[in-house]
Structure formats: C-alpha cells, structure tokens
Amino acid sequence: MLSSTDFTSASWELVVRVDNPSEEEQKDVTLRVSGDLHVGGVMLKLVEQINISQDWSDFALWWEQKRFWLLKTHWTLDKYGVQADAKLLFTPQHKMLRLRLPNLKMVRLRVSFSAVVFKAVSDICKTLNIRRSEELSLLKPSGDYFKKKKKKDKNNKEPVIEDILNLESSPTASGSPASPGLYSKTMTPIYDPISGTPASSTMTWFSDSPLTEQNCSILAFSQPPQSPEALADMYQPRSLIDKAKLNAGWLDSSRSLMEQGIHEDEQLLLRFKYYSFFDLNPKYDAVRINQLYEQARWAILLEEIDCTEEEMLIFAALQYHISKLSLSAEVQDFTSESEVDEIEAALSNLEVTLEGGKADSPLEDITDIPTLADNLKLFRPKKLLLKAFKQYWFVFKDTSIAYFKNKELEQGEPVEKLNLRGCEVVPDVNVAGRKFGIKLLIPVADGMNEMYLRCDHENQYAQWMAACTLASKGKTMADSSYQPEVLNILSFLRMKNRNSASQLTSSLENMDVNPECFVSPRCAKKHKSKQLAARILEAHQNVAQMPLVEAKLRFIQAWQSLPEFGLTYYLVRFKGSKKDEILGVSYNRLIKIDAATGIPMTTWRFTNIKQWNVNWETRQVVIEFDQNVSTAFTCLSADCKIVHEYIGGYIFLSTRSKDQNETLDEDLFHKLTGGQD
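For the protein chain, the name recorded in an unreviewed UniProt entry is Fermitin family homolog 1 isoform X2, with Sapajus apella as its organism.

With that out of the way, let us pick up helix α13 (residues 482-496). A rise of 1.5 Å per residue sets the reference length of α13, with its 15 residues, at 21 Å; its end C-alpha atoms lie 22 Å apart and thus fit the reference within 8%. Listed as buried for α13 are Tyr482, Val486, Ile489, Leu490, Ser491, Phe492, Leu493, Met495 and Lys496.

Quick look at the packing of helix α10 (residues 309-327) against helix α17 (residues 548-560) now. Where α10 contacts α17, the two axes come as close as 10 Å, and the packing angle between them is 155°. Comparing the axis directions of α10 and α17 gives the class roughly antiparallel. When you trace α10 past α17, the crossing you get is left-handed. Here Phe315, Leu318, Gln319, His321, Ile322, Leu325 and Ser326 of α10 come into contact with α17, specifically with Leu548, Ala551, Lys552, Arg554, Phe555, Ala558 and Trp559. Class assignment for the residues of the contact of α10 with α17 results in nine nonpolar, three polar and two charged.

Before going further, it helps to spend a moment on the packing of aromatic side chains. With the rule as written, the count across this model stands at 34 aromatic pairs. Residues Phe574 and Trp604 carry aromatic rings whose centres are separated by 5.9 Å and whose planes lie at 40° to one another, so their mutual orientation is tilted. One end of the pair, Phe574, is in strand β18 (residues 568-574); the other, Trp604, is in strand β21 (residues 600-605), with 30 residues separating them in the sequence. For the pair formed by Phe574 and Trp604, the shared burial category is buried. Ring centres of Phe606 and Tyr650 lie 6.4 Å apart, and the angle between their planes is 35°; this geometry places the pair in the tilted category. Of this pair, Phe606 sits in the loop between β21 and β22 (609-615) while Tyr650 sits in helix α18 (residues 640-653); the two residues are 44 residues apart in sequence, bridging distant segments of the chain. Each member of the pair, Phe606 together with Tyr650, is buried. Linked through ring pairs, Phe272, Tyr275, Phe277, Trp559 and Phe565 together constitute an aromatic cluster. It is Arg454 that lies over the ring of Phe389; its NZ or CZ is 4.3 Å from the centre.

Take the packing of α18 against helix α19 (residues 666-673) next. Between α18 and α19, whose axes approach to 8 Å, the crossing angle comes to 135°. Taken together, the axis directions place α18 and α19 in an arrangement best described as oblique. In this structure, α18 meets α19 at a crossing whose hand is right-handed. On α19, the residues that touch Lys641, His644, Glu645, Gly648, Gly649, Ile651 and Phe652 of α18 are Leu668, Phe669, Leu672 and Thr673. Across the contact of α18 with α19, the residue classes break down as five nonpolar, four polar and two charged.

So, on to the sheet that holds strand β10 (residues 267-272). A sheet is described by the order of its strands in space; here five strands give the open sequence β8-β10-β6-β7-β9, paired in mixed fashion. Strands at the two margins of the open sheet, each flanked by one partner only, are β8 (136-139) and β9 (164-167). Direction aside, neighbouring strands of the sheet carry axes that sit 40° apart on average. As paired elements, strand β6 (residues 94-100) and β10 share three bridges and run parallel to each other. In the sheet register, Arg98 faces β10, and the bridge partner there is Gln267.

Turning our eyes to something else, we now look at the nonpolar core. Within the largest apolar cluster, 104 residues are counted, with the highest numbers of intra-cluster contacts made by Leu138, Leu257, Trp559 and Tyr570. Apart from residues no more than four positions distant in its own chain, Leu138 is found in contact with Leu99, Val117, Val121, Ile124, Gly249, Trp250, Leu251, Leu257, Leu268, Leu269 and Leu270. The next biggest cluster of nonpolar side chains, apart from the first, holds 36 residues, and it includes Ile442, Tyr461, Leu470 and Leu493.

Before going further, it helps to examine unusual backbone geometry. Negative phi values dominate among residues other than glycine, just as trans dominates among peptide bonds. For Glu303, which is not glycine, the phi dihedral falls at a positive 55°. Within the secondary structure, Glu303 sits in the loop between α9 (286-301) and α10. The exposure class of Glu303 is buried, given its relative accessible area of 9%. The residue Asp398 is not glycine, and still its phi comes out positive at about 55°. On the secondary structure map, Asp398 appears in the loop between β12 (390-397) and β13 (400-404). Assessed through its relative accessible area of 35%, Asp398 is described here as partly exposed.

The mixed open sheet is built from five strands, whose spatial order is β2-β1-β5-β3-β4. Every interior strand has two partners, whereas the edge strands, β2 (27-34) and β4 (68-70), have only one. Here the strands of the sheet are splayed against their neighbours by 40° on average, with no regard to which way each runs. Where strand β1 (residues 11-18) and β2 come together, eight bridges link them in antiparallel fashion.

Among the seven residues that make up strand β7 (residues 106-112), six are buried, leaving the element largely enclosed by the rest of the structure. By the bridge criterion, seven bridges tie β6 to β7 in an arrangement that is antiparallel. Its bridge partner lying in β7, Lys95 is registered against Val111. Counted between consecutive antiparallel strands, the loop separating β6 from β7 contains five residues, among which Leu104 sits at a positive phi close to 70°. Pairing of β7 with β9, which is carried by four bridges, proceeds in the parallel orientation. By the bridge assignment for β9, Met106 is matched with Ile164.

Side-chain direction in a regular strand flips from residue to residue, so the side chains alternate between the two faces of the sheet. Burial of strand β15 (residues 424-430) is extensive: five of the seven residues sit out of reach of the surface. What sits between β15 and strand β16 (residues 435-444) in their antiparallel hairpin is a turn of four residues, with Arg434 showing a positive phi close to 55°.

This part covers the side chain of Asn290. Considering the arrangement of structural elements, one finds Asn290 in helix α9. For Asn290, the side chain forms a polar contact with the main-chain oxygen of Leu219, separated by 2.8 Å. Excluding anything up to four places from it in sequence, Asn290 contacts Asn103, Leu219, Ala220, Phe221, Ser222 and Lys552.

With respect to the secondary-structure elements, Pro237 resides in the loop between α7 (228-232) and α8 (240-246). You can call Pro237 buried: its relative accessible area is 3%. Measuring from C-alpha to C-alpha, the distance between Pro237 and Glu304 comes to 6.3 Å, with 67 residues separating the pair along the chain. Apart from residues no more than four positions distant in its own chain, Pro237 is found in contact with Asp242, Lys243, Leu246, Leu302, Glu303 and Glu304.

Between side chains of opposite charge, pairing is possible as soon as their charged atoms come close. Applying the stated criterion to the full structure yields 32 salt bridges. Here Glu303 and Arg238 are joined by a salt bridge, their closest N and O atoms 3.7 Å apart. Separated by 65 residues along the polypeptide, Glu303 in the loop between α9 and α10 and Arg238 in the loop between α7 and α8 bring together distant segments of the chain. In this structure, the salt-bridge partner of Glu458 is Arg434, at a minimum N-O distance of 3.0 Å. Pair noted here: Glu458 is in helix α12 (residues 458-472) and Arg434 is in the loop between β15 and β16, with a separation of 24 residues, a long-range link.

The rules behind these values
Residues numbered from 1 in each chain as written. Predicted model: local features only at pLDDT ≥ 70, side-chain atom pairs only at ≥ 80, totals over all residues. Heavy atoms only, no water. Helix = DSSP H or I, 4+ residues; strand = E, 2+ residues; numbered from the N terminus. Expected span 1.5 Å × (residues − 1). Buried < 20%, exposed > 50% of the residue type's maximum accessible area, 1.4 Å probe, protein only. Axes fitted to C-alpha atoms, helices over the stretch in contact; angles between N-to-C directions. Parallel < 35°, antiparallel > 145°, perpendicular 65-115°, else oblique. Left-handed = near helix turned anticlockwise from the far one by under 90°. Contact = heavy atoms within 4.5 Å. Nonpolar A, V, L, I, M, F, W, Y, C, P; charged D, E, K, R; others polar. Phe/Tyr/Trp six-rings, centres within 6.5 Å; stacked < 30°, edge-to-face > 60°. Lys NZ or Arg CZ within 6 Å of the ring centre and 35° of its normal. Pairing = 2+ DSSP bridges. Core = buried A, V, L, I, M, F, W, Y, C linked by side-chain atoms within 4.5 Å. Polar contact = N/O pair within 3.5 Å; in protein donor to acceptor, adjacent residues only side chain to side chain. Salt bridge = Lys/Arg side-chain N within 4 Å of Asp/Glu carboxyl O.

What follows is the structure, encoded as structure tokens:
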C-alpha cells in the first residue's frame, strides 16, 4: 500500500500554456501528473480544468523546447521524456496560412501545422482543385523575393490593399483526410452527387471543395498582365548563383510546418517543385494547367530560365492571345469543348485496353524497330579549329547514332557509333536564318563530349531531334511518344515562322495592352514599344486560332522545350575540389556546372544511381553510381536535406502509373526522401 506522501512524491506539477483562439491571451494551467499518465489523459485533465464548453478535438500538445508534437496520445509522459521543466503548448493543429500561388494570387486558408508538409500540401491541393499534389510543395521566400517590393512601398504614400481569396471554411480545417489520390482520369464525379444533374468535371473534382464557381475561375483563368513598372520592381536572378538562392527555401516534406518554424498567418509560396507533370488533362485540370502556365510565364518574364529573343516573342504572342481570350465572355464555360458521353468513352477505352490494342491507331508490327537514315552535317569542336561542318551519312537505330563517309559504306564499319542514352540534347535553332541544329553533350568518364548536327529543313530536324530526345531518356523511336514529340517540335517551329504582316498596321491600333507586359524587362529595353508590338502581333498570327486551354498547353510545351527547363540549381562544393560549383537537379539527371561560365561539365543519370545518402555529421551528400563511380558534395546555398529530397522525390515520381486502382504511396516517398535523419 502506498501512503499519501509516496503518491505525492511520484507525481509532479506540469505547466501547460493554453492557446485558445476564442480568448485574447494565452494562459498557463498547472496540472499534477505522473510519468505513467498517457498524453490523452493529460489533455483530458487539461480540458476539465479549463472548464470551457467548446470543441477541443483539433487541439494537441506541442513541446516547445524539443520542437515537436505529442500526437501519440497513447504514449506516456515517461516514454516521451516529458518532465516538470517541459514547456508544453495546448494549441489547435489547424491554423490560418497565406499562400502565394503561381499566378501571384494570395489565398488564405486553414492548414494542418501538425501533419508533415507532404500531407499538408495534399490537403491544400484538394481544397484548390489541383490534382497530382506530389508535384507541388511549399517554398519559404528568401529576403530577395521581397527586396524590391519594400523599396517600391516606400515611394507609395497609400498602402496597397491586396485582394486575398479567403477560403477559411476549407475542409482541411476539420482535419478531414486527404483524397486517396487515385491515378485516374475517371475519378471526377461526372454528375452532381446530390441533384444527379450533369456537373462540370473540372469544377467538381472534389465534391467537398469550398471553391465556388467564381473562386475557381479566379484560379483557373489567367490574371490581367502586370504593368511594365510592376514587372521591373520584381526580383530577377542575374546569375546561376542567384537562381540557386531561390531554391534554398523549400520546406522539408517529412516534417510539419510547426517543426520548421512556420507561424500562423505567415506567407509561403505554393509552387510546382518537381518538373515532371503527370497526366495533364484539360477536362479535369483547369486550375492545375492555369497555375502551371502562370509559373512558366513568370519564369520567362523574370528570366529565371534563359531563352532566345525569338522564343521570347513566341511566349509573348501566346501570353497576349491567352490574355485576350481570358477577358472574353465567350470562354467562361469550362465545358465548351465537344462533349462525349463519358461512360461510352470509358467503356470503349476499357474494351481496347482489355484487347491489348490502342484506341486511335492500328497495331503495328512490334518486332519492327524504326530507323532514321539521312545525310546530316557534323561538327566536333576541337581547339584551334574553325566551326566547319562536314557531311556524313547518319543512321539512327535503338538509342545509338552511327555515321559513315557516305551511304554506300553503310553496311561496313562506321566512322563512329555513339550511344545517346544519358546525353544532353540542346536545340540550336534559328528559324528566320534557316538554321536547324542539334547540340549533343555525351557523358564520358572525364566530362562531356560535344558534337553538333545540322539538318537541312524543319521536317528532318523534328524527326532527328525527337529521336535524340527519346534516346537520351533510354527510349527508342518505337515508343508511342515519338510521333507526338515530332509533331510538338514541328508546331513549335511553325510558331517561330515570321509571316508577312498584311493587317499589322490596323492591328497595332487595337493592341489595347502595353506590349512590354509580355516580355522580360531586359528584352523590353532593346525595342521601342511600337516595334515590340508589331513583332508580337506578327508572331500572334501563328497562334490566333488556338482555343484558350490549347494555348496554355502550347506555352507549357514551349517552356519544356527550352534547354534549361526543369533544372533546379544549388551552389555546392564537390569533395576534393577547391572551388564552388553549381549542381543542376532535373527529373532524370544531375548536372555538374561551372559556376563562372555556366558550361555543363558532367552528367549523372538517375537510372545509374545505386544508392545515395547523407552524412549528417559532415552534411555531405554521397551518391554511388554503376561502374564504381561515386561523387560527394556539400551544399552551400541550402540545407543538404533539400537536395537529397529532390533526388528521392524525382525517383519517386518516376514510379507513378495511370492505373486507376493505384494510390499514392506516401511511405515510399518518405523512404526515398527522408534521409533517415
């Protein structure tokens, strides 16, 4: 039997601060507890002592010194290691957060501060009607993001009141579980579950989304262009090192917002983090496509990605076209495209799938491996040599390219045969100058072998460029994506064609938007306003008949065709090196880049990675590849965990499938990205 004194000595006082939003000030509550009391019991005692009748279900205990949540309510205080000196906060798990979307629109909504960021982003995307939440994440903006804005605000006597889309009543507030994330085009409710009437599939992707049709149109339609003055005041990275700084603020997907020091009502950026866009479908992805278009648009305007002046004008023409259509009342109906009976279409596709065929094309002989053979010009850069191209007979088969002195020698030994798997493929094109070139950077043990191919015309270029691009990914021309790739390249080249402008003079009077809004400030400085407007309208003639969503998708495709697309930069120091270098992380490879010149030095493909890990003591990322190749580096511009997560995240995304029964494997994501720290 225990005496009362023994009982008293086994228990102790625990002070818990209560953060109740319904009261102005936080107050401390003292409880007498023992080490064998479980966390749920502590919370029950706390609520009884507070004695306020309200819903406490969203409240949990936060340990301030250790910076983590006590979410396992069946664990005892002893198991957690909580003692009398612990500072605990009893606070709601869901708090308000301000998110700046890719279209720069500010949204305020309630988000879980206790769930890991991967789960929190899933809930946010559910609220905003954005599928494939695994492609997005939260970015804490650097000081540079606000630097010019603050300077601008000092000159303004009146503060600008920003229009914020308030979604406080979002379903994430109740802590409801995220959608199962089925990889399916048919997951959208086609008919309103309450009234049974046909519903717009884009609007009702999630039946419990708080987005009204008006709010959805704010997120699904492009915002009016910014003024040139506002554009000039936004932060623009000038070097690779500046671009590396932009990527330092990605939050850790395996930890909660609270654990990463994010406060209630803080501003974060919601961005597409991984440039691997899976199953973009205009019928279901109006918000996703628009936000992706906006992120691409701002990357072009703020020169976060480089492009030629010719390409800049194409992007400007598409922006002008999209801006015009977005303001038109004729496109406000999401379902304007020709409707097909969804059940019939689904059954037809299912029937074709079960039969093992393709819906839109006859079966081809699967044993036939396509080849390309033609005369191309070749140049291999060497020191002290002028850039002189020499013609050879080229044969492209599987993922290899071979060339011979002429066609008659094709059956003999080639001059050289190169496997393009893992190489860098860079367009070298000037349509106005009739230049159709392909630059190949082929990885070798000590760096990159560089070679240039020159084609005679658009069709030849499109075929060979598509073949090289697929080969770099380990795919052949037998792959189903080859023909669409050829067509995409051709359509992009046709957009670059400069037509003789017959109606430009009258059209110039009708261009009601400042042309400087559609190009980067540096490009705008090179041209007078009328000259710029004329060139944008000239390029616009090639896209003038495009529907709105097709124009956005074409913009995204053009963005994806840029040489620098999908590269996220970090400043690193490789093991054994005495100088800082840039590491570029892409969806399928890592690139070591000279920080001063921007020239790629070495490429490593993800397919060749055997394992990667982090030495948490030295903060060094170590990667082992096939053939006993390894590399190690420390990250200087960001935490090494961010780079580690990028690599694991891209490998995780490569495992996705369109199988509608497949759910998102969150455990696999954390296993690949967590770093076991």
